[in-house]
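One letter stands for each residue in the lines below.
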Amino acid sequence: MFGSTEEAISKRIVVQDNTTQLPPEILEHVLCEAAPSNWYHRKYYTSLFRIREVCRRWMDIVDGAPSLWTSVWLEFNLRLVSMILVKSKTQLLSIWYDDQTFAGYDSLPEDHIMSFIDLIGPSANRWEFFDYRASSYAEHGRVLGLPLDNLHTLNILLSGNITYSTALRAPKLKFLDVHRCSLNWHSIASLRGLRIDQNTNGPDLGELIAVLRASPDLQWLWVSRNWPMTATVHSDSQYPPAPIFLPKLRGMSFSKLPVVSLSILLDLIEAPSLRTFGHRMTYKWTSDDFPRIFGSAGRHIGAESQSSCCEGPIRLDITSNGETLGVRVGDRGIELRRFGWEEDNGRQEREASLRAALAQFHPKLRNAIKTVNFKNTPWSNEVAEYLRLIHTQFPRVEELVLTGPDGLEVNVASIVETISWEQTIKNWDEKDEHIPPERPV
């Protein structure tokens, strides 16, 4: 009798192993396909070693397949790290460097970190993916200063804001994600994806524009909480700056950025293949030029390509209440959250912002919009003004949908009454009558 079910299964596999009849190259392919797919997970090698333990032949084949040995984590035992570096041969590597401080824990032992860097440093030209999570006080140059000749993706997430001013040696870099780390931005080019989050040291607007101009194949752009992003744009040859043409850009997302700087950036970007666009602002205490940013965003929300963005009728969504002002068509939109708005407080600003956004819509899209959806609209007078704006801007609208706060029904009668009354006043003015009729109660 076997001591356990697990032991019995293992021995039965060996006894009934029909894989001995397969050529080694076929068996290697089978084992590679059967290997765990979560190569990016810390526990990947736990699963891989179970396959190695089936029999000696399987162990030899797994050990001789470099493609199975390509991911390394800082927390690994150094003997395992050495084993991976040897068995991976010339394969490109994925490196996860996480000293635990980014997640708020105590750092891994310093002697282990130093030994790890010494061990993997010579293989830096094989790194294809590098996820770097460290304390702001770490010796960043020991890893970021390595010759990363084949690096494709770089994620930098630090516990505090720093500036790493040394130029990266990563000529093949395509995807860059930085959190609380400003870099030598003028040394970065040819990106396909860029994400910047919570940087207090830049890039400033000129540096960001330089990266975009040097990355004509950029497909994705995310910038959030980047302070300061000064509005100064340097140009040695011409003023105003030439447009930034990004023919492959598919998505842009912005959040909590200075209004003037972002307006300048959005006015410069030309993205004919854009699919998604979003900007969210949250201002609780400050005031800014909101009509300007709504106008800049409106050019992308209402682009000509949006006239074929959706299956079926195209809908314009407008949200306006005491907390939010938003404009959206399909997967493109802008949303301002500025707490404390009351009915009259900010009405002029909201109306000007909405008017600025809709004024930038392409004529083809204006004719294609069939439905306008007003969401969370508590104020009849303001909605009446919006309806007049919709009537002039979108001549072919067939359906108006109004929903009040929390999905409650809107008092349509009061809105119609407001419009009718103001039209009556206008008619009397045109007739030059001195006594207008009394407003109905």
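Residues numbered from 1 in each chain as written. Predicted model: local features only at pLDDT ≥ 70, side-chain atom pairs only at ≥ 80, totals over all residues. Heavy atoms only, no water.

Engineer: Any details on the overall build of the protein? Residues and values, ideally.
Structural biologist: Assigned secondary structure in the protein consists of 14 helices and 16 strands. For the protein, the accessible surface area stands at approximately 22800 Å², while carbon and sulfur atoms represent 50% of it. (Helix = DSSP H or I, 4+ residues; strand = E, 2+ residues; numbered from the N terminus. Areas by Shrake-Rupley, 256 points an atom, 1.4 Å probe, with all protein chains shown as cover.)

Engineer: I'd like a description of the packing of aromatic side chains, backed by residues and values.
Structural biologist: The relative placement of two aromatic rings is captured by the distance of their centres and the angle of their planes. One pass over the structure, following the stated rule, counts 14 aromatic pairs. With 4.9 Å between their ring centres and 55° between their planes, W127 and F130 make a pair best called tilted. For the pair formed by W127 and F130, the shared burial category is buried. Grouping aromatic residues by their ring pairs yields a cluster made of Y44, Y45, F49, W69 and F76. (Phe/Tyr/Trp six-rings, centres within 6.5 Å; stacked < 30°, edge-to-face > 60°. Buried < 20%, exposed > 50% of the residue type's maximum accessible area, 1.4 Å probe, protein only.)

Engineer: Quick one: what's the story with the packing of helix α3 (residues 44-52) against helix α4 (residues 56-63), residue by residue and with numbers?
Structural biologist: It is the contact of α3 with α4, at a shortest axis distance of 7 Å, that shows an interaxial angle of 135°. The orientation of α3 relative to α4 falls into the category oblique. From α3, L48, I51 and R52 reach across to α4, where they touch W58, M59, V62 and D63. (Axes fitted to C-alpha atoms, helices over the stretch in contact; angles between N-to-C directions. Parallel < 35°, antiparallel > 145°, perpendicular 65-115°, else oblique. Contact = heavy atoms within 4.5 Å.)

Engineer: Go over the pairing of strand β13 (residues 324-329), please, and point to the residues and values.
Structural biologist: Across the six residues of β13, five count as buried, placing the element largely inside the fold. Both strand β12 (residues 314-320) and β13 contribute to a ladder of five bridges, which runs antiparallel. When the sheet's bridge partners are listed, S320 is paired in β13 with L325. Relative to strand β14 (residues 332-337), β13 runs antiparallel, the two being bridged by six bridges. The partner of V329 across the bridge, within β14, is R332. (Pairing = 2+ DSSP bridges.)

Engineer: Break down the pairing of β14 for me, citing the residues and quoting the values.
Structural biologist: When you tally the buried positions in β14, you get five out of six residues, the bulk of the element. Bridging between strand β11 (residues 276-282) and β14 involves six bridges; their strand directions are parallel. Bridge assignment links T282 to a residue of β14, and that residue is R337. Two successive antiparallel strands, β13 and β14, enclose a turn made up of two residues, where G330 displays a positive phi of approximately 60°.

Engineer: Please set out the confidence of the model for the protein residue by residue, giving values where relevant.
Structural biologist: Summarising the model, the protein shows a mean pLDDT of 81, and 76% of its residues fall at 70 or more. Note that residues 1-10 has pLDDT below 50 and, in this model, three contacts with residues that lie over four places away or in other chains. Taken as a whole, residues 421-430 scores under 50 in pLDDT and shows eleven contacts with residues more than four places along the chain or in a different chain. (pLDDT = per-residue confidence, 0-100.)

Engineer: Can you explain the environment of F254? Please cite residues and give values.
Structural biologist: By secondary structure assignment, the location of F254 is in strand β9 (residues 251-255). Spatially, the C-alpha atom of F254 lies 8.5 Å from that of M281, the residues being 27 residues apart in sequence. Once residues within four sequence positions are removed from consideration, F254 is found in contact with L221, V223, L262, L265, L266, F277, G278, H279 and R280.

Engineer: Explain helix α10 (residues 290-301) to me, using residue names and the numbers behind them.
Structural biologist: Given a rise of 1.5 Å per residue, twelve residues ought to cover 16 Å, and the 16 Å separating the end C-alpha atoms of α10 matches this to within 8%. Counting buried residues along α10, nine of its twelve residues qualify, which places the element largely inside the surrounding structure. Among all positions in α10, only F290, I293, F294, G295, S296, A297, G298, H300 and I301 are buried. (Expected span 1.5 Å × (residues − 1).)

Engineer: An account of α3 is needed here, citing residue identities and associated values.
Structural biologist: Buried within α3 we find Y44, Y45, L48, I51 and R52. Projected onto a plane normal to the axis of α3, the buried residues spread over an arc of 110° and lie on a single side. (Arc of directions from axis to C-beta.)

Engineer: Lay out the pattern of salt bridges with the relevant residues and their values.
Structural biologist: This structure, assessed with the given rule, holds eleven salt bridges. Among the salt bridges present, the one from E335 reaches R280, with a minimum N-O distance of 2.9 Å. Taken together, the residues E335 in strand β14 and R280 in strand β11 connect sequence positions 55 residues apart. Each of R52, D63 and K87 takes part in a single network of salt bridges with overlapping partners. (Salt bridge = Lys/Arg side-chain N within 4 Å of Asp/Glu carboxyl O.)

Engineer: Can you tell me about the environment of E25, naming the residues and giving the values?
Structural biologist: Of note, E25 is situated in helix α2 (residues 24-34). Distance in space between the C-alpha atoms of E25 and A65 is 9.9 Å, their sequence separation being 40 residues.

Engineer: So, the environment of T153: which residues are in play, and what are the values?
Structural biologist: Along the chain, T153 turns up in strand β4 (residues 153-163). Classification of T153 by relative accessible area gives buried; the value is 16%.

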